[in-house]
Amino acid sequence: MKILFLVYHGFSDVSGISKKIHYQVKGLEQNGHDVHLCYYDRGTNGHWQRLVSHNGQVAVLTDFGSGKLAGLRQRTSYGSVASYCARQSIQMVYARCFQNANPFLIRFFRKLKSMGVKSVMEIPTYPYDQEFQGFSRTERLQLHIDQQYRDRLARQLQAIVTFTNEQLIFGQRTINISNGVDLDSIPLHQKVDTSQELHLIGVAEVHFWHGYDRLIAGLGEYYRKGHTPKQVYFHIVGGVWKSEMYDDEHAPGFHELIEKYGLQDKVIFHGQLFGEALNSVFRQSSFAVGSLARHRSGISDIKTLKNREYATRGLPFIYSENDSDFDHQPYVLKAPADESPVDIAQIVAFEEQLTMKPQEIRHTVEHLSWKMQMQKVVESL
C-alpha cells in the first residue's frame, strides 16, 4: 500500500517524538508498505517549507517563506499535499494529531475522502485539553479553535488511532494499539552493582504530568528520615520547563524541593541527550521512572512510549497510570495516582528483590514492535 505519513512539524535528534515517528515509518515499511513522510521544516534556503521524504529523496511541496506569515500559511494551505497524493496514487494518509483542527484541515481530509484515499489520525494522548493548563495565550487559543472543529474533522476520517482503550473519540471509531518499540535501536541494559547506591533515571521532555516533583519529594523524605540503606540518585534526562523548575502552578518546583531537602548532589539534570551520551546515563542506572502524575491532566489509562522503551532496555520501572501492557508485570512498581511523595525505600526494596534479568524483561515486549502495531492500523482499514 502507498501511505503518506503526515506530520505538522519537523524533527530533532534529541526528540523522542521524532524518533517515534521514524520508527513508525520503519514499522510500516517492514510490512512492505511504500511510505512517503510529509513534514513542515526549514528548507536549505532558510524558508519554512512543506517537504516530503521518500526513498532517500526530499521534495519541496510548498515554500511558505519566512516570518510569522509562514506559520499561518502552513496552517491553512494543504492543497499541495492533496495534489501530491493524487500524483503518487497514495492509498492511505496516516496523520499525527497536532491539536490543529480548523476549516482548512477539514477541507483537506474531505478532499482525500472524495479521492478515495483512506485517512486516520493518531492522537498521542487523550484527553489532551488539560495538558494546556499554564500554556501561553496563543497556545490556548489554538486549542480553543481545535475544540470547535475537531468533531467535524473526525467525520472526514476512517478512524482515530489511540493508545487508550476508548472505543469512540470525537464521534469517530477508534483503532486501539500500543505505543511500540524498535528493538534494533535500543541496547539491552547490563546489570550493575547496587549494593551501595541506586541510580534512578527519568527520560522526558518534562511537564507537570510527569510528576517528577513527587520523586524528588520522596528522595527528600528518604534522606530526612535517616538510616538510609543506600545512597539513591535521580538522573533527569531531557528538557525541563522553567515553570516546572521554579514556579509550578500544579506542584512545588524542582528547585524549591531540592533546596528544601538539600538534594543538590542527589538530583542530576543532564539536559537533552541522545545516542551514546544517553546510553551512558542508562548504563549507570538500575531503575527507571515513568509518569507519576497523569491524573493532573485528567488521564487514568494510557500506554506511554517511555514505559515500553524502559522495558525494551530491560529496566524495572515505576509509574502511576493504568497501562494494561504492564500493570501486572513483576518488574513494575505502581505508585498511587495522587500527590503523595514517592516511597523511595519501597523502590530500594523492590529493586533488591527483583530477580528478572534484563533479557527476560525485554522478552515481554517483543510483541510490541512498531512493525506489529502499525500493521494493526492497516489491517483495521
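What counts, and where the lines are drawn
Residues numbered from 1 in each chain as written. Predicted model: local features only at pLDDT ≥ 70, side-chain atom pairs only at ≥ 80, totals over all residues. Heavy atoms only, no water. Helix = DSSP H or I, 4+ residues; strand = E, 2+ residues; numbered from the N terminus. Rg over C-alpha atoms; globule rule 2.2 N^0.38 Å. Buried < 20%, exposed > 50% of the residue type's maximum accessible area, 1.4 Å probe, protein only. Contact = heavy atoms within 4.5 Å. Areas by Shrake-Rupley, 256 points an atom, 1.4 Å probe, with all protein chains shown as cover. Lys, Arg positive; Asp, Glu negative; His and termini not counted. Charge placed at Lys NZ, Arg CZ, Asp CG, Glu CD. Expected span 1.5 Å × (residues − 1). Core = buried A, V, L, I, M, F, W, Y, C linked by side-chain atoms within 4.5 Å.

Participant: Before we go on, may I ask you to explain the overall build of the protein chain in this structure?
Facilitator: Assigned secondary structure in the protein chain consists of 13 helices and 15 strands. Computed over its C-alpha atoms, the radius of gyration of the protein chain comes to 22 Å, within 12% of the 21 Å expected for a compact globule of 381 residues. Projected onto the principal axes, the alpha-carbon positions of the protein chain cover approximately 70 × 45 × 40 Å. Considering the protein chain as a whole, with its 381 residues, one finds that 54% of them fall into the buried category. Counting only contacts in the protein chain whose residues sit at least 6 apart along the sequence, the fraction spanning at least 24 positions is 70%. Total accessible area computed for the protein chain in this model is approximately 16600 Å², and 49% of it derives from carbon and sulfur atoms. Of the charged side chains in the protein chain, 42 are positive and 41 negative, and the gap between their average positions amounts to 9 Å.

Participant: Would you take a moment to explain helix H6 (residues 212-224) for this structure?
Facilitator: Quick reminder: α-helices carry 3.6 residues per turn. Residues three or four places apart thus point the same way. In this model, H6 (13 residues) spans 18 Å end to end at C-alpha, consistent with the 18 Å of a helix rising 1.5 Å per residue. Along H6, twelve of the 13 residues are buried, which leaves the element largely enclosed by surrounding structure. Here H6 has its buried residues at Tyr212, Asp213, Arg214, Leu215, Ile216, Ala217, Gly218, Leu219, Gly220, Glu221, Tyr222 and Tyr223. A positive phi of about 75° marks Gly226, the residue just after H6.

Participant: Hey, could you run me through the nonpolar core in this one?
Facilitator: The tendency in soluble globular proteins is for nonpolar side chains to be buried as a group. Grouped together as the largest cluster of nonpolar side chains are 53 residues, with contacts concentrated most on Leu215, Tyr331 and Ile347. Within the second largest apolar cluster, 35 residues are counted, among which are Val52, Leu143, Leu153 and Phe170.

Participant: Can you help me understand unusual backbone geometry in this one?
Facilitator: Note on backbone geometry: most residues besides glycine have negative phi, and most peptide bonds are trans. In this model, Tyr126 is joined to Pro127 through a cis peptide bond whose omega is -5°. Within the secondary structure, Pro127 sits in the loop between strand E6 (118-123) and helix H5 (137-154). Even without a glycine there, the phi angle at Ser89 is positive, about 55°. Along the polypeptide, Ser89 turns up in the loop between helix H3 (79-87) and strand E5 (92-96). By relative accessible area, Ser89 is classed as partly exposed at 46%. Of note, the phi angle at Phe170 is positive, near 55°, even though the residue is not glycine. Among the secondary structure elements, Phe170 is positioned in the loop between strand E8 (168-169) and strand E9 (172-176).

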